[in-house]
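Here's the letter readout for the chains.
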Amino acid sequence: EARATQHPDWRAVEHGDAWLSYGELDACASALAAQLAARGVCVGSRVAVVMQRCLEFVVALVAVLKTGAAIVPLDSAFPAERLSFILGDAGVSVVVSTESERERIHTLAPDAAGIAVVWASVTVARRSSTLTTNCAANRRVSRIYRATR
C-alpha cells in the first residue's frame, strides 16, 4: 500500500504483455478484499485461490492478505478430486477464481460444501474501497500439501 501511494504508476506485476501498476494492483486488491470481507472473510478464515498464472492471481493473493485470512493457493490444473479434498481438508470458506475457470470450479461443487465463490478480475476499481472486518480471531493456520499431480 505504501508503494502504491508513493509510486502508483510504476509497474508492480507483469504477465505476458499485460501488467498492472502499483496503484491498479492496490485498487483491484482492495475491491476484491472488500468483497471477501463482506462474505465474512477475516483473520482465521481460509481462502483458496484456484487459477492458472495470471494477473488476477497476484490480485487475489494481495486481497486475501488484506483481509488477514490464510491463503490456500491451488493450481486449477490439479485433478478435481485433489482440489476437492484440499478444499475440504483445509476448511476453506471461500474460493477465489477467474471467470475463465468458472466451469472447472463448478465441477468441484463448492456450493454443496458450503463454500462461497468470488470471481477475481483486474478491472480497476475507480472508487476507493474501505476494508473493515469485525473478526477477533487470532489463530495461526498451517498445513502443507505436497505439490504432486
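Let me sum up the structure you'll find in this document. Everything quoted here is computed from the prediction, not taken from an experiment.

The next point concerns the environment of Cys-28. With respect to the helices and strands, Cys-28 occurs in helix α2 (residues 22-38). For Cys-28 and Ala-60, which are 32 residues apart along the polypeptide, the C-alpha to C-alpha distance reads 8.7 Å.

Right, let's get into the packing of α2 against helix α3 (residues 55-67). For any two helices packed against each other, one specifies the inter-axial angle together with the distance between the axes. Interaxial distance between α2 and α3 falls to 8 Å at its minimum, and their mutual angle equals 55°. As summarised for this structure, α2 and α3 are arranged oblique, according to the angle between their axes. As for how α2 packs across α3, the hand of that crossing is right-handed. Contact residues: α2 offers Leu-25, Asp-26, Cys-28, Ala-29, Ser-30, Leu-32, Ala-33, Leu-36 and Ala-37, while α3 offers Val-58, Val-59, Ala-60, Val-62, Ala-63, Val-64, Lys-66 and Thr-67.

In this section: the packing of aromatic side chains. For any two aromatic rings, the description comes down to two numbers: the centre-to-centre distance and the angle of the planes. One pass over the full model with this rule turns up zero aromatic pairs. Positioned above the aromatic ring of Tyr-22, the side-chain terminus of Arg-3 is 5.7 Å from the ring centre. Taking the ring centre of Phe-78 as reference, the NZ or CZ of Arg-82 above it sits at 5.3 Å.

So, on to the pattern of salt bridges. For the structure shown, the criterion picks out four salt bridges. Two residues, Lys-66 and Asp-26, come together in a salt bridge whose shortest N-O distance is 2.7 Å. Within this pair, whereas Lys-66 is found in helix α3, its partner Asp-26 is found in helix α2, the two being separated by 40 residues in sequence. In this structure, the salt-bridge partner of Arg-102 is Glu-99, at a minimum N-O distance of 2.8 Å. By relative accessible area, Arg-102 is classed as partly exposed at 32%. Using a relative accessible area of 46% as the deciding quantity, one classes Glu-99 as partly exposed. By sharing partners, the salt bridges in this structure join Glu-1, Asp-26 and Lys-66 into a single network.

On to α2, then. Structurally, the α-helix is built with 3.6 residues per turn, so residues lying three or four positions apart point the same way. Taking 1.5 Å per residue as the helical rise, α2 with its 17 residues ought to reach 24 Å, and the 24 Å between its terminal C-alpha atoms agrees with that figure. Residues of α2 that are buried include every one of Leu-25, Ala-27, Cys-28, Ala-29, Ser-30, Ala-31, Leu-32, Ala-33, Leu-36 and Ala-37, and no others. Tucked into the core, α2 has its buried residues touching β1 (11-15), β2 (18-21), α3, β5 (94-98) and β6 (116-120). Gly-40, located one to two residues past α2, shows a positive phi value of around 90°.

A few words on the sheet that holds β6. Backbone-to-backbone hydrogen bonds join strands into a sheet, with any given pair of strands oriented parallel or antiparallel. Pairing is parallel in the open sheet, where four strands are placed in the order β4-β3-β5-β6. One side of each edge strand has no neighbouring strand; the edge strands of this open sheet are β4 (70-74) and β6. For this sheet the average axis-to-axis angle between neighbouring strands, irrespective of direction, equals 25°. The pairing of strand β3 (residues 46-50) with β5 spans three bridges and is classified as parallel. Bridge pairing in β5 links Ala-48 to Val-95. Along the sheet face, α2 touches β5 and β6 and points at about 170° away from the line of β6. In the packing of helix α4 (residues 80-89) onto the sheet, the strands contacted are β3, β4 and β5, and the crossing angle to β4 comes to about 170°.

So, about the side chain of Thr-67. Summarising the element assignment, Thr-67 is placed in helix α3. A polar atom in the side chain of Thr-67 sits 2.6 Å from the backbone oxygen of Val-64.

What counts, and where the lines are drawn
- Residues numbered from 1 in each chain as written.
- Predicted model: local features only at pLDDT ≥ 70, side-chain atom pairs only at ≥ 80, totals over all residues.
- Heavy atoms only, no water.
- Helix = DSSP H or I, 4+ residues; strand = E, 2+ residues; numbered from the N terminus.
- Axes fitted to C-alpha atoms, helices over the stretch in contact; angles between N-to-C directions.
- Parallel < 35°, antiparallel > 145°, perpendicular 65-115°, else oblique.
- Left-handed = near helix turned anticlockwise from the far one by under 90°.
- Contact = heavy atoms within 4.5 Å.
- Phe/Tyr/Trp six-rings, centres within 6.5 Å; stacked < 30°, edge-to-face > 60°.
- Lys NZ or Arg CZ within 6 Å of the ring centre and 35° of its normal.
- Salt bridge = Lys/Arg side-chain N within 4 Å of Asp/Glu carboxyl O.
- Buried < 20%, exposed > 50% of the residue type's maximum accessible area, 1.4 Å probe, protein only.
- Expected span 1.5 Å × (residues − 1).
- Pairing = 2+ DSSP bridges.
- Polar contact = N/O pair within 3.5 Å; in protein donor to acceptor, adjacent residues only side chain to side chain.

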